[in-house]
Amino acid sequence: MNERHKEPSEIMDDGVEAALSRLTPEKIQAVINSVLKGETGARFKAYMDTCIHCGLCSEACQFFLSRDRDPHYSPVGKVKQTVWPMVKNKGRVDTDFIRRAVRIAHTECNLCKRCVAFCPFGIDIAYLMTVVRRIIHKLGATPLYLQDTAHSHASTMNQMWVKEDEWIDTLQWQEDEARAEIPSLRIPLDKEGAEIMYSVIAPEPKFQAQLIYQAAAIMHVAGVDWTMPSDIGWDNSDMAMFTGDYEIMGRIKRTHFEAATRLRVKKIVMGECGHAFRSVYDTGNRWLGWAQPPVPIVHAIAFYYDLLKTGKLRIARKYSHPVTLHDPCNVVRGGGLHEKARYVVHQLCDNLIEMHPNREHNYCCGAGGGVINCGPPYKNARVAGNRVKAEQLFDAKSRGAHTLIAPCHNCHSGLHDIVHHHGIDLEIKFFSDIIYECMEKPDGSE
Amino acid sequence: MVVSSAWDWSIGEKRVDTKSWTERFLQVQEYQVSADGESVAAIVALDDQAFNVCVNGALWDTPFDKIWRLRFTPDSRATALVSADGQWTLAVNGQTWPESFDYIWHPLVSENGQHIAAAIQQGGRYAMALDGEVWPNDFGTIAYSALSPSGDRTAGAVQVKVADSGQLEAFQEGTFSAAVDGTAWGSTFVNVWHLVFSPDGQHLAAEVRQSLYDYTIVVDGKPWPQQYTCVWAPSFDPVTGHVVAPVRKDGHWKMAQDGELLWQRPFAQLWQQRFSPDGSRLAAIAATAFGRWTVVVDGHPWPVTFAGMVSDLTFSPDGRHIAALAKEKDHWTVVVDGKPWQHRFERAWPPVFAPDGSGSVAVKVEMDGAFTFAVDDRIWPHAFERNWEPFFSPDGRRLLLPTMNQNGYCRKVVEKF
Amino acid sequence: MTSLYAFVAGPLAWAAFLFFFGGLCYRLLSMLRQVRQSEPFIFSYMSLRYSLRSILHWLIPFFAMGWRRNPILTGVTFIFHISLIAAPVFIVSHVVLWDEAWNLSWWTLPDAVVDVMTLVVVAACLFFALRRVLRPEVRFVSDASDYLLLVLTAAPFVTGFLAYHQWPAGPWMTIAHMVSGELLLALIPFTRLRHMLSGWLTRAYIGSEFGAVRHARDW
Ligand code: HEM
Ligand code: SF4
Ligand code: SF4
């Protein structure tokens, strides 16, 4: 090997290092104890007291499997290196320990909850890792790229520092573009009383505006009564959830829900994103005091399923290439959308080549849980940490798959890195790419 | 406030033939109705490149390349954001502001409808414009733009120091402030959210974060001495000028006033507080426990709670009654003074109180996929494709009902039912 | 000698059961109290249907993905736990004691079967210990307490087996058996062995979350 890959332990993160240089043992201890005592409860204690250290959860974790079964990467192994010493030493740990804890909790766990299905007691290791992340947040030692994203959320209520005018301008631009193809198409802004508010993550207006175009085309063709907010609350993403900055998580989720209530829509349909689904469907609403989202959340997979099932959307010709389907953790283990995803695939394509394991037992793409958002310093380690996914992809490819459908933004990027790194010749697409390509469009378009 | 006594309150109907618009124009966008119900308007497409606003069948004098955000002011003038030759401005009844900008958005209207402000971007710099006049200073970004109730002052959260993406420390030292009429406060904060003017427009309060962890309320640039783990938007007592805000500590929310606890009782959530018009009562939306939502009046929750959500807290003009919308599963209802109506709705719009002290409440509602009106838990027997929020006559005896069906727009004035 | 026996069979046994049942009740109540205090939202998500769904699926050997991926351990742990509970509950000599003391008696297992079960428990503990040493991912998370728990668990079975077979003859082994059994009972609520109670609850909670909210299998 010409290029020497850094061991994960050698990775330097400027944000983390700057924070560590400011920390004192007293501060570390005070913060750890305030979180452990003040913010955890029966659940944390039960997980700590119930875990019999059997290691059965190891088989679940893509990091463990990809890193040649190195015990440091097993779910319980990560707890041993982070939570146990914090509890045992009553918070007396040093900065080297915190540096390691940052690396483990932020870049070596995708919070994918696969291990829940491997631990006989259903111990939620992902939850324990979020407790560690909360401590790291309170110490100010979150990895730089991820923290910057949290700053963006706090300042702009979106993930990518998109300014208020840039957002509206982008929608109007995409509307213009799309009208060249479908003249009567609209992206209705602030349409009070529409059935549906469509929300996206900020990378769409920032880098992938064609996804908004495609969504608008699908809405138009299916005759959906929809709207998008011109004001803040249009972004459903949430990296604050992954940094452990729950106050900001609550703030941005409130903004999102209030955009929908201001527009008095019946439901929120969201684009093909997994972590955002986790945030609006399960996590953010809870911090705000809602057991269920106050406005029903429909993920794009379920939305396309409904449109196809009811015949509102018709496929003109099927997608010609064999496809394989990646199950994004957050909508599959987090929302049970795997069968609907397969229905949509079968409507669009004749040949689905399954990866194994799949559905609830899928392997995470390795990007989820904010790991990819920790940025370039960790990229090689992240790809190396998900060899099992590469093997799955290779296998699907060798059985003829040409296109990889990944109905989640994070998965898309994570899988792109894996496919690129290993030179696996798979084209990665969203459902909306294929639906847009294959659906019946009104006469006069094109 | 709007003077509704001058409106036509005679019982009867006035129609506008909006049906023909769809034949006249390539596309007719969402209809908007003026507060007095006399005008109905829509953005219409003349061809692929040109748009105009049609009000009661008449077009504005000049078409534009693009138009969005058509709304009526409380004094029934039609406004929209319009663009010609790549420049944007605001138009009122077809008359544009003399100045135009690279972009304009978030229009705000004073209570009497006389003044209009909006956020603008010019050459990548940000400011507010009030009735066409731009702030003397501009900023790197603007958000949470605000207009004082009488419409004489504007404000926005602005970034006054540069912290490029990735400069964590610079950002955490505080780059945000609030600007009033273009002049920023001397103090900076990590974040500034939700600017609120006092009723007389003399003071400005906001939520701020002083570090990643310490939140408080700032009034005219000066933070409360106390810090909290989170805060929500403040409000001014209309009589005393005190500032109240929900604050979070130890995982619970309480109501604070000028930094001191006002309500001792903790809540799982607490927000959207409102003063009665005379300032004697303070109500807020709260979750008394996880997933149990209600209205709290002067610290005392209503006896009923709802799992879905509670919204649109409204005081009657005399301050004696409170109404709110509540959602349970998929259905909404109206709750007045703690008593829910029997009827369930697919959707409901903000409750409207009669001004006569009777405590009567009228609401635009959706039932079985069609729209109608409900007054004091009675349902108007006709349904419409579309309707707008009802309005009580000054004596509270009649109702203005703006409606639309296949035949077009119809302004009805009926006896209260 | 007889007074020592009387003490071990009397007050010490009382104390052991008191610690066992009292301790488990205390654990349960303090857990519920803590949920109420700090995480009341958990109650909103508990669902009997999905709790049972999850637990039942995990009670079937080799059904859950986690079991199937570790087939040997799965086989051992099921036989171990069944024997661990069935042997002491259904052995004739224990039932006789209950009968004498409380006039309570129930169905029993033949002594030969219990004998095998006892050996199974001891062998399983040896297997667990060996696994702890040999499997790197298990060794990594093991410390002395894990081995001590195995000793604690195996002890009453080893001594019981020896006492039954009278090796060595005399009352000492019986007393050792009684003491170690009582020690195990008393310590269950205060060690990770309390998984016999809390394990059901953690599974029920995650089963509820996966069933009612996530609409996904957790096995
Ligand atoms: C009745 C309810 C119980 C249930 C559902 C239960 C369940 C489990 C499960 C799922 C494991 C993990 C798999 C394994 O490592 O074998 C385990 C391990 C274990 N259990 Fe239990 N258990 C119960 C009662 C007990 C009792 C009463 C004891 C001891 C007195 C006990 C002792 C152990 C030991 C020693 C281990 C294994 C440890 C190792 O790998 O070192 N269990 N139990
Ligand atoms: S949540 Fe996923 S990534 Fe994290 S330890 Fe469990 S299996 Fe591994
Ligand atoms: S499988 Fe469960 S009990 Fe076993 S080590 Fe992992 S978390 Fe602990």
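Just so it is clear, the model here is predicted, and its values are computed rather than measured.

### Things to note about the side chain of Arg 411 of chain B
Residues and elements named next belong to chain B.
Now for step 1: On the secondary structure map, Arg 411 appears in strand 43 (residues 408-415).
Now for step 2: On the accessibility criterion, Arg 411 (1% relative accessible area) is buried.
Now for step 3: Here Asp 8 takes part through its backbone oxygen, which lies 3.0 Å from a polar atom of the side chain of Arg 411.
Now for step 4: Dropping the residues within four chain positions of it, Arg 411 is found in contact with Trp 7, Asp 8, Gly 12, Glu 13, Lys 14, Asp 36, Gly 37, Glu 38, Leu 400 and Leu 401.

### Examining helix 21 (residues 431-438) of chain A
Now for step 1: With respect to burial, helix 21 of chain A is a largely interior element, 7 of its 8 residues being buried.
Now for step 2: When helix 21 of chain A is considered as a whole, its buried residues turn out to be Phe 431, Ser 432, Asp 433, Ile 434, Ile 435, Tyr 436 and Cys 438 of chain A.

### Points about the domain arrangement of chain A
All names here are of chain A.
Now for step 1: Here chain A is partitioned into domain 1 (8-142), domain 2 (157-298) and domain 3 (314-438).
Now for step 2: The C-alpha-based centres of domain 2 and domain 3 are spaced at 23 Å.
Now for step 3: At the junction of the two partners, domain 2 supplies 19 residues and domain 3 supplies 17 residues.
Now for step 4: Summed over both sides, the interface of domain 2 with domain 3 buries roughly 1600 Å², with 57% coming from carbon and sulfur.
Now for step 5: For the pair domain 2 and domain 3, the interface holds 9 residue pairs in polar contact (both at pLDDT 80 or more).
Now for step 6: Listed by contribution, the elements that provide at least two residues to the side of domain 2 that touches domain 3 are helix 11 (209-222) and helix 14 (275-288).

### Examining the interface of chain B and chain A
Now for step 1: Of the residues lining the interface, 60 residues belong to chain B; the matching set on chain A comes to 57 residues.
Now for step 2: For Asp 176 of chain A, the salt bridge goes to Lys 66 of chain B, with nearest N and O atoms at 3.3 Å.
Now for step 3: Across the contact surface, chain B and chain A share 36 residue pairs in polar contact (both at pLDDT 80 or more).
Now for step 4: Taken together, the residues of the side of chain B that touches chain A sort by class into 30 nonpolar, 16 polar and 14 charged.

Reading the values: the criteria
- Residues numbered from 1 in each chain as written.
- Chains lettered and ligands numbered in written order.
- Predicted model: local features only at pLDDT ≥ 70, side-chain atom pairs only at ≥ 80, totals over all residues.
- Heavy atoms only, no water.
- Helix = DSSP H or I, 4+ residues; strand = E, 2+ residues; numbered from the N terminus.
- Buried < 20%, exposed > 50% of the residue type's maximum accessible area, 1.4 Å probe, protein only.
- Polar contact = N/O pair within 3.5 Å; in protein donor to acceptor, adjacent residues only side chain to side chain.
- Contact = heavy atoms within 4.5 Å.
- Domains from an automatic or database assignment.
- Buried area = accessible area lost by both parts, 1.4 Å probe.
- Salt bridge = Lys/Arg side-chain N within 4 Å of Asp/Glu carboxyl O.
- Nonpolar A, V, L, I, M, F, W, Y, C, P; charged D, E, K, R; others polar.

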